[in-house]
Amino acid sequence: MNKVPVKRIALFGSTGSIGRQALEVIGSNPDKFTAEILTAQSSDDLLIMQALKYKPNIVVIGDEKKANKVKQALATTNTKVFVGENALEEVAALDCYDMMLAAIVGFAGLKPTLQAIEGGKAIALANKETLVVAGDIVMQRAVENKVPIIPVDSEHSAIFQCLIGETRNKIEKIILTASGGPFLGKKPNYLVNVKRDHALQHPNWQMGAKISVDSATLMNKGLEMIEAKWLFNLKPEQIQVVIHPQSILHSMVQFEDGAMKAQMGLPDMKLPIQYALAFPQRIPNTFPRYDFKKPNTLSFEEPDIKTFRNLVLAKEALFKGGNLPCVLNAANEIAVFAFLHNRIGFLDMTDLIERTMQHVPFIEHPRLEEYFDSDAEARNFAASLIKL
Ligand code: NAD
Ligand code: MG
């Protein structure tokens, strides 16, 4: 059998939850992957440790105040240090890697990902905001540059896996599962008082702060509906959400004959990360396995959209399209930031997003620059409402 060449991975957001787990996968498979580029916004100590361990060609530190420390720590190594926001795009344009793991959180991930696509690099996509903001342009450029976009988000990885071998078969609908987050079953009179630390305690997954809050508000599932629309070329009405608190069944596809395919397993992001990095191969690992012999009930229920109104707002953006998902995303990033800094309450996040969506003028077919402008306008307006 021919040996598969080592895949050189650029980890954008290597110090985050996804980035760290990806490095574990890479470290366990040195014959298959190398970490060629590592990037971090401000976690200088962790970036230095990662660089000393994985010996990348390049690291990027976003925060310029941390640059000297990183440069000094890596001065005797072969790792080159790039600094600042623009360095992300500069490095994404280089030819020293095969695949980008897009694991930066939020809108900041869009430009480097677009740059990698222009350079013909395969994308393992964790950064769902990239598709929420400008999914039409990202997918079109991926097609033009013949770039595969392999989802890392567990639900989308599940659907992607279910669609293997179904090229000619039409999808009737997809069903995205949602754990419901830490506040499943709670009502507004409870949610009005919840604070940051409680919202960050997800029952099934350990994730970065922003996505943890998004999971608690169900905005994460709304963003994932929009992500799915672009990844799988679906109509909004083909995308359904069901609450599945155990997070064992990671999502389903229903075909035209009514047959459903699902992908299952324990909730462990290393699995979809490894799948995306190794695609189209499956490679062995020692991750824990789900055991049907243990007493365990898998349950499903409707989301409570009267309480978790973010899902309604995201659906509105999904159906209306244009720049509305971009505006929703920007307002949500401001809302989550303000909530994490104890500046607004849990339920205030939804009001802030709704008012911003009503304020920013609608554009039906935005150009890329108009997405950037809509993002900036939505951020400024949302921040002004709460005097941030
Ligand atoms: P995280 O907050 O743990 O890590 C974010 C990473 O991005 C860090 O390396 C940080 O240095 C970098 N970063 C943050 N702001 C930046 C900026 N302005 N410019 C450049 N780099 C910046 O986040 P995470 O939980 O790893 O999530 C990353 C992405 O993956 C998100 O889009 C999230 O929605 C998606 N995702 C995460 C999970 C999960 O289990 N954590 C699951 C599915 C999808
Ligand atoms: Mg997900």
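Scroll up to find the structure this text is about.
Visitor: Give a description of the overall build of the protein that names residues and reports values.
Guide: Scanning the protein from N- to C-terminus turns up 16 helices and 11 strands. Scaling as 2.2 N^0.38, a compact globule of 388 residues should have a C-alpha radius of gyration of about 21 Å, and the protein matches this with 20 Å. Seen through its C-alpha atoms, the protein measures out along the principal axes to roughly 55 × 50 × 40 Å. By residue count, 55% of the 388 residues in the protein fall in the buried class. Relative to all contacts within the protein whose residues are 6 or more apart in sequence, the contacts with residues 24 or more apart total 67%. With the model as given, the accessible surface of the protein reaches about 17900 Å², and the carbon-plus-sulfur share is 52%.

Visitor: Mind laying out empty space enclosed by the protein, listing which residues take part and the relevant values?
Guide: This model, assessed by the stated rule, comprises 1 cavity of 30 Å³ or more. The volume enclosed by the largest cavity comes to roughly 60 Å³. Every residue lining the largest cavity is listed: Ser154, Ser157, Gln161, Trp205, His250, Gln263, Leu266, Asp268, Leu271 and Pro272. For the lining of the largest cavity, the secondary-structure elements that each account for two or more residues are helix 7 (154–162) and helix 12 (270–278). No other element matches the 3 residues that helix 7 contributes to the lining of the largest cavity.

Visitor: Which residues make up the coordination of the magnesium ion (ligand 2), and what are the values?
Guide: Looking at the magnesium ion (ligand 2), the protein donor atoms are Asp153 (OD), Glu155 (OE) and Glu224 (OE), and they sit 2.1 to 2.2 Å from it. Between consecutive donor residues of the magnesium ion (ligand 2), the sequence gaps follow D-x1-E-x68-E. Linking Glu155 in helix 7 with Glu224 in helix 11 (residues 219–232), this pair joins segments that are 69 residues apart in sequence. Both residues of the pair, Glu155 and Glu224, belong to the buried class.

Conventions used here
Here the residue index of a chain counts from 1 through its sequence in written order. Throughout, the order in which chains and ligands are written sets their labels, letters from A for the former and numbers from 1 for the latter. In keeping with the model being predicted, local features are shown solely for residues with a pLDDT of at least 70 and side-chain atom pairs are shown and tallied solely at 80 or more, while totals for entire chains, interfaces and linings include all residues. Think of the side-chain values as coming from all heavy atoms in the structure, minus any hydrogens and water. Only runs of H or I of at least four residues qualify as helices and only runs of E of at least two qualify as strands under DSSP, and these elements are numbered from the N terminus. Here the radius of gyration uses the C-alpha set of atoms, whereas the globule reference equals 2.2 Å times the residue count to the power 0.38. For each residue, the accessible area found with a 1.4 Å probe, counting protein chains only, is set against the maximum for its type, and the residue is called buried under 20%, exposed over 50%, and partly exposed in between. It only takes one pair of heavy atoms within 4.5 Å for two residues to be counted as in contact. Accessible surface is estimated by sampling points in the Shrake-Rupley manner with a 1.4 Å probe; for residues, cover comes only from the protein chains shown. In the cavity and pocket records, a cavity denotes points on a 1 Å grid over the protein atoms alone where a 1.4 Å probe fits but cannot get out, a pocket denotes an open set with protein on both sides within 12 Å along at least 5 of 7 lines, and lining residues are residues with an atom within 4 Å of a point. Grid points are joined across faces, edges and corners, and a volume is the space filled by probe spheres set on the points. The donor set comprises N, O and S atoms within 2.8 Å of the metal, extended to 3.2 Å for Na, K and Ca; water molecules are omitted, so apparent gaps in a site may simply reflect that omission.

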